[in-house]
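These are the residues of each chain, in order.
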Amino acid sequence: LMHGSPDVGLVITDLQMPQSSGVELCQTLREEFPQVPVIAMTGSGGPAESDDLRRARAAGAKSALQKPFNLADFYDAVNQATWTRA
């Protein structure tokens with residue numbers, strides 16, 4: 001998908017997906033498309049989800065949000081991700 005869409009400016013992904021790991025996606029995007037910032041998010045708020053958020057940041061996500069999040073936090077994450085491109 002990304003190879004056919006060179007104008008992608010931001011990827012927002014959940015970390016819990018049925019057939020894939022969001023952390024692995026963050027890593028792949030960092031390796032193959034380092035210019036594209038990533039925001040990762042996850043749900044229930046338990047210790048495993050907090051660890052997933054840390055791992056997503058380590059894998060290349062510019063920001064990681066715990067759901068539910070408010071609109072201001074989302075806007076801040078988008079601004080941070082798009083203004084601090086590597």
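Look up: the structure comes first, before these words.
No experiment lies behind these values; they were computed from the predicted model shown.

Draft legend 1. Representation of the pattern of salt bridges in the model. Counted under the stated rule, the structure contains four salt bridges. Of the charged contacts in the structure, one is a salt bridge between Lys67 and Asp14, with a shortest N-O distance of 2.4 Å. Placement of Lys67 in the loop between strand 3 (63–66) and helix 3 (71–83) and of Asp14 in strand 1 (residues 11–14) is noted, with a sequence separation of 53 residues between them. Exposure remark for Lys67: the relative accessible area of 30% places this residue in the partly exposed category. A residue is classified by how much of its surface remains accessible, and Asp14, at 21% relative accessible area, is partly exposed. Here Arg55 makes a salt bridge to Asp51, at a shortest N to O gap of 3.7 Å. Taken together, the positions of Arg55 and Asp51, both in helix 2 (residues 47–58) and four residues apart, correspond to about one turn of that helix. Of the residues examined, Arg55 reaches a relative accessible area of 41% and is grouped as partly exposed. In this structure Asp51 comes out as partly exposed when scored by relative accessible area, which is 35%.

Draft legend 2. A look at the side chain of Asp52. Along the chain, the position of Asp52 falls in helix 2. Among the residues examined, Asp52 registers a relative accessible area of 12% and is labelled buried. Of the polar contacts made by the side chain of Asp52, one reaches the side chain of Gln16; its length is 2.8 Å. With residues near it in sequence (within four places) discarded, Asp52 still touches Leu15, Gln16 and Val23.

Draft legend 3. Highlighting the packing of aromatic side chains. Within this structure, the stated rule accounts for two aromatic pairs. Between the aromatic rings of Phe69 and Phe74, the centroid separation amounts to 5.9 Å while the plane-to-plane angle is 15°, which identifies the pairing as stacked. Aromatic side chains Phe74 and Tyr75 sit 6.4 Å apart centroid to centroid with 45° between the ring planes, which places their arrangement in the tilted category. Using a relative accessible area of 49% as the deciding quantity, one classes Tyr75 as partly exposed. Here the aromatic cluster, defined as three or more aromatic residues joined through ring pairs, consists of Phe69, Phe74 and Tyr75.

Calculation criteria
Residues numbered from 1 in each chain as written. Predicted model: local features only at pLDDT ≥ 70, side-chain atom pairs only at ≥ 80, totals over all residues. Heavy atoms only, no water. Salt bridge = Lys/Arg side-chain N within 4 Å of Asp/Glu carboxyl O. Helix = DSSP H or I, 4+ residues; strand = E, 2+ residues; numbered from the N terminus. Buried < 20%, exposed > 50% of the residue type's maximum accessible area, 1.4 Å probe, protein only. Polar contact = N/O pair within 3.5 Å; in protein donor to acceptor, adjacent residues only side chain to side chain. Contact = heavy atoms within 4.5 Å. Phe/Tyr/Trp six-rings, centres within 6.5 Å; stacked < 30°, edge-to-face > 60°.

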